[in-house]
Amino acid sequence: DAAAGAPCTMVEVRVRDTQEAVLAEVAGPASLAWDLRVCASEISYELVFVPAAGGSEVLVQGSTPKIPLKAEDGVLSGVFEAPQPGALKCRFKNDKAWVSSRLCLCRARVL
């Protein structure tokens, strides 16, 4: 896990809902290690960097409509090079479920 040692955030996403979690905030350029997963079934997600000064957010990684993040995928992890102050956020979208909520876990840390 790239973000081992960072506190983990649990996010419950109800049916047809979207939840956003802030994984880390930085005051300047930095390397951010991140991990995320869904605990059961599948979910759509977008990992984005939002500049503190405003402007367009940057898509770091995300699922596609035909390829959601699945529990059997395990933990996704990576490193993002933040070019400026801002926040690394994950949006989990439970857009395919008709009955069940989804539990997601995510975390990040500055390297």
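Summary of the structure given here. (Residues numbered from 1 in each chain as written. Predicted model: local features only at pLDDT ≥ 70, side-chain atom pairs only at ≥ 80, totals over all residues. Heavy atoms only, no water.)

### Digging into the nonpolar core
Spelled out, the test is: By nonpolar core is meant a set of buried Ala, Val, Leu, Ile, Met, Phe, Trp, Tyr and Cys residues that side-chain atoms within 4.5 Å join together. Each residue gets one of three labels from its accessible area relative to the maximum for its type: buried under 20%, exposed over 50%, partly exposed in between, using a 1.4 Å probe on protein chains only. Secondary structure counts use DSSP, requiring at least four H or I residues in a row for a helix and at least two E residues in a row for a strand, with both numbered from the N terminus. Pairs of residues are marked as contacts when any of their non-hydrogen atoms sit within 4.5 Å.
Leu23, Trp34, Leu36 and Phe92 are the most contacted members of the largest nonpolar core, which totals 25 residues. Those elements giving two or more residues to this core turn out to be β1 (9-13), β2 (18-26), β3 (30-38), β4 (42-51), β7 (76-82), β8 (86-93) and β9 (102-110). Broken down by element, this core gets its largest block of residues, 5 residues, from β3. In this structure, Leu36 is in contact with Tyr45, Leu47, Leu69, Gly74, Val75, Leu76, Cys90, Phe92, Leu105 and Cys106, ignoring residues within four places of it in sequence.

### With respect to unusual backbone geometry
Phi is positive for Arg16, close to 60°, though the residue is something other than glycine. Residue position: Arg16 is located in the loop between β1 and β2. Phi angles above zero are rare outside glycine, and Ser41 is one such case at about 65°. Mapping Ser41 onto the fold places it in the loop between β3 and β4.

### Concerning the packing of aromatic side chains
For clarity, the cut-off: Only the six-membered ring of Trp is used, alongside the rings of Phe and Tyr, when aromatic pairs are assigned; centres must lie within 6.5 Å, and planes under 30 degrees apart are stacked while those over 60 apart are edge-to-face, with the rest tilted. Counting as a charge over the ring demands two things of the Lys NZ or Arg CZ atom: a distance within 6 Å of the ring centre and an angle within 35 degrees of the ring normal.
Applying the stated criterion to the full structure yields 1 aromatic pair. Above the plane of the ring of Trp98 lies Arg16, whose end atom (NZ or CZ) is 4.2 Å from the centre.

### Describing the sheet that holds β1
Convention followed: Following DSSP output, two strands are said to pair if at least two bridges run between them. Lines fitted to C-alpha atoms define the axes here, with helix axes fitted over just the stretch in contact, and angles between the N-to-C directions of these axes take values from 0 to 180 degrees.
Strand order in the open sheet formed by 4 strands is β1-β9-β3-β7, and the pairing between neighbours is antiparallel. The sheet is open, and its two edges are formed by β1 and β7, each paired on a single side. This sheet shows a mean twist of 25° between the axes of neighbouring strands, independent of strand direction.

### Description of the pairing of β8
Along β8, 7 of the 8 residues are buried, which leaves the element largely enclosed by surrounding structure. Where β4 and β8 come together, 8 bridges link them in antiparallel fashion. Bridge assignment links Ser44 to a residue of β8, and that residue is Lys93.

### Focus: the pattern of salt bridges
Close approach of charged atoms lets side chains of opposite charge pair. Filter applied, for reference: Salt bridge criterion: a side-chain nitrogen from Lys or Arg within 4 Å of a carboxyl oxygen from Asp or Glu.
With the rule as written, the count across this model stands at 6 salt bridges. Among the ionic pairs, Arg91 bridges to Glu20, the shortest N-O distance being 2.7 Å. Of this pair, Arg91 sits in strand β8 while Glu20 sits in strand β2, and the two are 71 residues apart along the sequence. Exposure remark for Arg91: the relative accessible area of 16% places this residue in the buried category. A salt bridge links Arg107 to Asp35; its shortest N-O distance comes to 3.0 Å. Taken together, the residues Arg107 in strand β9 and Asp35 in strand β3 connect sequence positions 72 residues apart.

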